[in-house]
Each structure stands twice: as structure tokens, then as C-alpha cells.
Amino acid sequence: MKTKALRLYGKNNLRLEEFELPEIKEGEILAHIVSDSVCMSSYKAAMQGSDHKRVPNDIDVNPIIIGHEFCGEIVKVGAKWQNQFKEGQKFTIQPAMNYKGSLDAPGYSYKYIGGAATYIVIPEEVMLCGCLLPYDGDAYFYGSLSEPMSCIVGAYHANFHIPQGTYVHEMGIKEGGYTAILAGAGPMGLGAIDYAIHNDRKPAVLVVTDIDNARLARAAEILTVEDAAKNGVKLMYVNTAEFADPVAELKKITDGHGFDDVFVFAPVKPVVEQGDAILAKSGCLNFFAGPTNPEFSANFNFYNVHYNFTHVIGTSGGNTDDMKESISMMEKGLIDPSAMITHVGGLTAAAETTLNLPKIPGGKKLIYTNIDMELVALADLEEKGKDNAMYAELAKLVKANNGLWSADCEKYLLANAKAL
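Everything numeric here is computed off the predicted structure, so don't read it as measured data. (Residues numbered from 1 in each chain as written. Predicted model: local features only at pLDDT ≥ 70, side-chain atom pairs only at ≥ 80, totals over all residues. Heavy atoms only, no water.)

> How should empty space enclosed by the protein be read in this particular structure?
Leftover empty space is mapped by rolling, across the atoms, a probe with the size of a water molecule. Tallied over the full model, the rule gives one cavity of 30 Å³ or more. There is about 60 Å³ of room inside the largest cavity. As for the largest cavity, its lining consists of L6, D36, S37, V38, S42, I66, G67, A116, A350, T354 and I367. Taken together, the elements giving at least two residues each to the lining of the largest cavity come down to β3 (29-38) and α11 (350-355). If you tally residues by element for the lining of the largest cavity, the top one is β3, at three residues. Among the residues making up the lining of the largest cavity, the classes are represented as six nonpolar, four polar and one charged. (1 Å grid on protein atoms, 1.4 Å probe; cavity = no way out; pocket = protein on both sides within 12 Å on 5 of 7 lines; lining within 4 Å. Points joined across faces, edges and corners; volume = space filled by probe spheres on them. Helix = DSSP H or I, 4+ residues; strand = E, 2+ residues; numbered from the N terminus. Nonpolar A, V, L, I, M, F, W, Y, C, P; charged D, E, K, R; others polar.)

> I tried to follow the environment of K359 on my own but got confused; where do I start?
Inspection of the secondary structure puts K359 in the loop between α11 and β18 (364-368). Look at K359 and you get exposed, because its relative accessible area is 69%. (Buried < 20%, exposed > 50% of the residue type's maximum accessible area, 1.4 Å probe, protein only.)

> Got a minute to help me understand unusual backbone geometry in this structure?
Glycine aside, negative phi is the norm for most residues, and most peptide bonds take the trans geometry. Although it is not a glycine, N98 sits at a positive phi angle of roughly 55°. When you line up the elements, N98 lands in the loop between β6 (90-93) and β7 (119-122). Judged by its relative accessible area of 52%, N98 falls in the exposed class. Here S282, not a glycine, exhibits a phi torsion of approximately 60°, which is positive. Along the polypeptide, S282 turns up in strand β15 (residues 279-287).

> Sorry if this is basic, but what is going on with the sheet that holds β15 here?
In a beta sheet, neighbouring strands are held together by backbone hydrogen bonds and run either parallel or antiparallel to one another. An order of β13-β12-β11-β14-β15-β16 is seen for the six strands of this open sheet, with the pairing classed as parallel. Each having just a single partner strand, β13 (234-239) and β16 (311-314) make up the two edges of the open sheet. Across this sheet, the average inter-strand angle for adjacent strands is 20°, counted without regard to direction. Two strands pair when backbone bridges link them, and strand β12 (residues 205-210) and β13 are joined in this way by six bridges, in the parallel orientation. (Pairing = 2+ DSSP bridges. Axes fitted to C-alpha atoms, helices over the stretch in contact; angles between N-to-C directions.)

> Explanation requested: the sheet that holds strand β4 (residues 64-65) in the structure shown.
Ordered by their spatial adjacency, three strands build an open sheet running β2-β1-β4, and the pairing between neighbours is antiparallel. The sheet is open, and its two borders are formed by β2 (13-20) and β4, each paired with just one other strand. As paired elements, strand β1 (residues 2-10) and β2 share eight bridges and run antiparallel to each other. Looking across to β2, one finds that R7 is bridged to R15.

> What should I look at first to understand the packing of helix α3 (residues 140-158) against helix α10 (residues 320-331) in this one?
Helix packing for two helices is described by the angle between their axes and how far apart those axes are. Where α3 meets α10, the closest approach of the two axes is 7 Å, and the angle between their N-to-C directions is 120°. Classed by the angle they form, the pair α3 and α10 counts as oblique. Here the hand of the crossing between α3 and α10 comes out right-handed. Along the contact surface, α3 presents Y142, L145, S146, E147, M149, S150, V153, G154 and H157, while α10 presents D322, M323, E325, S326, I327 and M330. Here the contact of α3 with α10 is built from residues that sort into seven nonpolar, five polar and three charged. (Parallel < 35°, antiparallel > 145°, perpendicular 65-115°, else oblique. Left-handed = near helix turned anticlockwise from the far one by under 90°. Contact = heavy atoms within 4.5 Å.)

Following this line, the structure appears as C-alpha cells:
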């Protein structure tokens, strides 16, 4: 079967090509990809080529398919897996397989599996690692977002606290405590707010900071204070740029107690140091944001580390259980990560989008792999709709969903966009 896929041949060298897939073996599965959201990690792989720890050394002659946040449908199942997977079944994949200790992952390391493709061959190790995950949601893009959402789930599970006088690490955020998400009004921050409000282990108070009132206002429209209160969480949006002493003002919210859990969503030195300064006793700072500068550093108060047992951790990605949790919560309607998406496009836009990702403002860029379409910001659909009936209809659907992408948007786009 022929596939069209975006393949990496070297640094800054992505090519959209059509080629023949091999016949599947008894331990493999043939699948059709529908959606793939573009991750900053794909940009890093495209920039670094074989210098990337997951990318093979011979991609100049054996290129890999890029993209790892994908969702699709199973087409054909090899004999070994026919009792476990069925044709027509929707799926998504946990790319961090850790197969036999290897860093190899779909979207980085394989010739025939990656998200920026129409059809792929899923190798046996994906199933052996339990990383081919059934998905029963009503829209493919939710399946694509289950991987970035799992990074948030993993971060919340990774935080820990140590009761004084013990060596017990109590995992997870402090239930009924104070949680802060710094620089949290961006797309991933919205996912973190959503999860904090709607998962089983909740803080009593959740403070979200940013330095842009427009971003904070938009976050408050999507994830409201009223909905948080219904779920037992006091949610507050705070612009720290309005205070001469943000640390003092944030501490006032906790009546001087400090924050039990602080998530830092921007790799900015003053934000990290602010997070350190507002920690409570045994407070946990989670440095969620991934810096591009390998020399990035910030000051940390080691007096408090010694006497107040404050600590810092970092999480990069989630595991398979985190991904299963995010899928389950989406299927049940408990969380809605659609707020992450700010742009949509077809496979024809994937190369330019990936190579220029840091320069494109907004959040997640969602690629539908079977259509030919430029990358379009949701905010620009109405303007573009003046000359394009499809964009005009999409603009109406987005507006009807509080400015967010939706299952209705996806169904309309897939039915009306130019096929690749």
C-alpha cells in the first residue's frame, strides 16, 4: 500500500513523499492516520537530525517519519494480534515505549511509523510494550491530544511531599492544599487547570498567573471560576505584572502558608525563582517547561531546602498509565483539551509548520493528514471565510463552541477539505 508521509533526511531536511509500505508481518499492524498534533519535540528532532538522541544515524539513506501525537484507525491486523485488536478500531500510541531500554520511538526512529503520514506500519514492539492504546472518543483530535495531556497528568502524579519526621514520599499534589500554575494561561497551562479541577485529587485553592490580561481573560472564559467552585476548587487568575512584589501578594492568598505545589510553565529565570520563593514547607516545585538552552539555570533557596524541606522536580512527558488516564477522562467528558489547539492544517502544511514551530504564535498546531490545506489560525477563520466558504463555515462552528475546535469542526473539515 502506498503512503504519503513527511520524512526526515537530516538537519532541517523534511520531505513530503509518497512511497510503498511493505506488507505487514504477523506481528505488525497496518493503520490509517487521521490527525497528528505538532510537538516542539518534533521541531527539535528536525533541527538536530541524527544528533537527536532518538533519531538514527543513517536517516540520509533510511529517513524516518516524523510526528508522535497521532490518532487513527486500524486497517489490517497481523495474525499475532487478531485476538486483541480489530480492523476499524480507533487508536492512539504512547511513543515513549522504552522497549528493552531503547530510546527508539514512533515519530523519531522508524521508517514506517510516525504521525505525519496517511498510512503506517505499527511494529511489534509497540504492542509488546502495551503502547497501542484503543480510543473510543468521537473525534480523532482528542486522541492526538492524549499524549500532550498525559504530560500534564504525569506532572501532577510526579509531585510529592514528605511528612516531617518521616522518609515517606507521598506522591501527587497535596489534596486540599494550595497549588499555583505560573505562566499558566497558555495552551498547556489550560490543560493543567482543567486537570486540576476535574481529576480526583484536587487542591482547595488553585492560582494561575500570567503577565497578560488578555490571556488570563481568555483562560477564565474557557475554565471558569464558577465551574471550579462546583468541583470544590477556589480558582483565581492573577496578573503578577500588576504587583510591585508578586511573591508577597501570592503568599497573601495562602495566608502566609505558601504553596504546596508550584508548576512552572515557562523556562524563564524570574518565574522559576518566583516559584521557589512562594513554596510552603515541604513544597514541591515542578519545572514543567522544557528549555531549549542546555545552560538554563535559576537560583534556588537552599536554606529552605534544608530547613523547610522544599524540593524541585522536572517531568518530561508522561507514561502509558498517564496516557490511559487522559484518554479515559476525555472519553468520559471530564476534561476537554481542545483549548490547546489554535491552528489547523493539512499534511501539505506539516513540513513548514514543524520547521518554523517556535515562530508561529499560539498553541497546538493540529494536522489532518489526509487533506491538502494551509495552516490556519482559528482566530483567522472568519477573515479567511470572506473568500472561502469552507473557512466561513468552520468560523461559525468554532464561534459556536466558545472559540474552540470541536468534533463538529473536525467532521465538517474532513468532509469538505481538498483530499491529499
